Amino acid sequence: MGKPTGFLEYQRQGDPAQAPLERIGHYDEFHPRLGREDRRRQGARCMECGVPFCQSGAVLGGMVSGCPLHNLIPEWNDLVYTGNFGHALERLMKTNNFPEFTGRVCPALCEAACTCGLHGDPVTIKENELGIIEDAWERGLVAPCPPKTRTGKQVAVVGSGPAGLACADQLSKRGHAVTVFEREDRPGGLLMYGIPNMKLEKRIVQRRLDLMAAQGVEFVTGTDVGREKEAQELLDGFDAVVLCCGASNPRDLKVKNRDVNGVYFAVDFLKETTRSLLDSGLAPGTFPSAKGKDVVIVGGGDTGNDCVGTCIRHGCKSVVQLEMMPKAPDQRAERNPWPEWPKVCKTDYGQEEAIAVFGHDPRIYQTTLTELIGDGKGNIKAVKTVRLHPDLSPVEGSEQTLECGLLLIAAGFLGAQSYVAEAFGVELTPRAAVHTQAGDYATGVPKIFTAGDMHRGQSLVVWAIWEGRQAARAVDTYLMGYTNLE
Ligand SMILES: Cc1cc2nc3c(=O)[nH]c(=O)nc-3n(C[C@H](O)[C@H](O)[C@H](O)COP(=O)(O)OP(=O)(O)OC[C@H]3O[C@@H](n4cnc5c(N)ncnc54)[C@H](O)[C@@H]3O)c2cc1C
Ligand code: SF4
């Protein structure tokens, strides 16, 4: 039992954030972490509930609430409170291969379901998780731990996002020889080339990749496994193949003049910024720049927010984010009670920065694009917009023209790219995810398994880790006849 009166004595204290006008001057993370004593007090706020909704990962009201990984949250909160950070690490690593990623980028489904949040502020679960793992890295507790015995089985993982990495990590710890194939020049999937550096510094991703390599996982980059020949080579050379290629097929705009220059999919724009940051420190001409431009972003979600923060760091002249749906309420609606996931309006870091720089929220709700306007030389100059009724029909006479030198499309994803599925002969669902039986990870083709966004559709890092771990169990059972992986 933790500190019985902790939640009464101590207020929630989050990791501090550098002020928006300061942090836009760099691309680094901007949340310095609390010191050990403050962290212990945050651990003490946990009520050690008999039924901890925070670790349930249960579907409530049609959405998952609580941690999908079933992280043993009250246990490690108590160990944080008592100062036993090393033991807390052991309990944390039991369910989560990469707490340094979720501790930075997870939307914290756990905190939405925390009992302290029913009448006050939830426990800082996500930051406690990050505190435990970063304390461990600093003290050298996270070290390569190769398996004592090898099984002689070989597994190929295609795709090195969090799903592929979690699967590879589990299978490698079990003693199988794992090779991860990645088409990009660096492994990490969207952890490396999607989520911006200010949310997840790439040295943090590289640190984990280096550890996995030291443990025996082999990474082969610059290899696009996409033709039947390559697929057959993997099937011939490995005992099992796991497809973890993500759901990177972007939803496009069907508007007049779509082919003008200066229009990018959000992920391509973010990827090229990160690649240039890592390769050349953002040398001019090495990435599509928003500097001095009026930027319009289609999509009011999290990816759009990452684009806002990135464009502001590039030095854009203005930025707006168009969202088709109405603004969500600021507080939970009555029909959306605790511990359901709260369907409320969140103002994220990029939007905070836009408010600080331009004096207003960049989001324009119930609005979409109807046409792109060129400058006569093939480049985008402006966009036409229209307001939408709640049923998404256009409001007559509401058309407007916005200046636009850069248009970013962050309108979601339409599932996996089909060429990989075709090369391996696996079946896709109508939503372009690889088909398996419910709750299973084996495809209809012998030896081939799947996990992550490619399996469940565009989702979250925490779900990708869960899927990677579950797929590893399925592969291990297939190879050994049983599994002792969790
Ligand atoms: C811009 C952006 C920001 C996001 N921010 C967050 C966030 O803050 N928090 C959060 O929880 N989630 C976030 N997400 C979602 C999250 O990143 C994904 O759900 C998660 O990365 C999915 O993991 P994955 O391993 O299934 O696929 P991915 O991370 O997409 O990795 C798939 C990998 O497979 C590789 N690949 C594909 N085809 C082949 C092939 N034929 N051969 C070899 N390699 C191949 C790709 O290059 C890629 O590296 C974000 C997504 C985007 C787009
Ligand atoms: S992985 Fe996400 S939901 Fe689970 S404990 Fe960490 S922050 Fe919470």
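The preceding data block contains the structure.
Residue numbers restart at each chain and count upward from 1, following the sequence in its written direction. As they are written, the chains are lettered A onward and the ligands numbered 1 onward, keeping that order. For this predicted model, a pLDDT threshold of at least 70 governs which residues receive local features, and a threshold of 80 or more governs which side-chain atom pairs are given and counted, while totals over whole chains, interfaces and linings are taken from all residues. Derived side-chain values reflect all non-hydrogen atoms in the structure, with water molecules and hydrogen atoms excluded from consideration.

K.L.:
With reference to specific residues and values, describe the overall build of the protein chain.
P.N.:
Secondary structure is summarised from DSSP: a helix means a run of H or I of at least four residues, a strand means a run of E of at least two, and numbering begins at the N terminus for each. Across its full length, the protein chain carries 18 helices and 15 strands. With the radius of gyration taken over C-alpha atoms, the globule rule is written as 2.2 Å times the number of residues to the power 0.38. A globule of 486 residues ought to have a C-alpha radius of gyration of about 23 Å, and the protein chain, at 23 Å, matches this closely. The dimensions of the protein chain, computed from C-alpha atoms along their principal axes, are 65 × 65 × 45 Å. Exposure is judged per residue with a 1.4 Å probe applied to protein chains only, and the accessible area is read against the type maximum: over 50% gives exposed, under 20% gives buried, and values in between give partly exposed. Residues counted as buried form 53% of the 486 residues belonging to the protein chain. Of the contacts made within the protein chain by residues no fewer than 6 positions apart, 68% connect residues no fewer than 24 positions apart. Reported accessibility uses the Shrake-Rupley method at a 1.4 Å probe radius. Residues are deemed covered only where the shown protein chains occlude them. Counting every atom, the protein chain has about 21,200 Å² of accessible surface; 52% of that belongs to carbon and sulfur. Only four residue types enter the tally: Lys and Arg on the positive side, Asp and Glu on the negative side; His and the chain ends are excluded. Charge placement uses NZ in Lys and CZ in Arg. For Asp and Glu, CG and CD serve respectively. Averaged over its 53 positive side-chain charges, the protein chain has a centre that lies 1 Å from the centre of its 61 negative ones. The contact criterion used throughout is that any non-hydrogen atoms of two residues lie within 4.5 Å.

K.L.:
So, the site of ligand 2: which residues are in play, and what are the values?
P.N.:
Throughout this document, a residue counts as near a molecule or strand when at least one of its heavy atoms sits within 4 Å of that molecule or strand. Neighbouring ligand 2 are the residues C67, N71, I73, T102, C106, A108, L109, C110, K126, E129 and V462. For the shell around ligand 2, the elements supplying multiple residues, two or more each, are α7 (109-112) and α9 (125-138). Counted by class, the shell around ligand 2 contains seven nonpolar, two polar and two charged residues. In this count, Pro and Cys sit with the nonpolar residues alongside Ala, Val, Leu, Ile, Met, Phe, Trp and Tyr, while Asp, Glu, Lys and Arg are called charged and the others, Gly among them, polar.

K.L.:
Any details on unusual backbone geometry? Residues and values, ideally.
P.N.:
Along the chain, W338 connects to P339 via a cis peptide bond; the corresponding omega equals 0°. You can see P339 is positioned in the loop between β9 (318-322) and α15 (349-358). You will see that L282, though not glycine, has its phi angle at about 65°, which is positive. The residue L282 is located in the loop between α13 (266-280) and β8 (294-298) in this model. Here the phi dihedral of K447 falls at roughly 80°; this positive angle occurs in a residue that is not glycine. Checked against the element boundaries, K447 lands in the loop between α16 (418-424) and β15 (448-450). What makes K447 partly exposed here is its relative accessible area of 23%.

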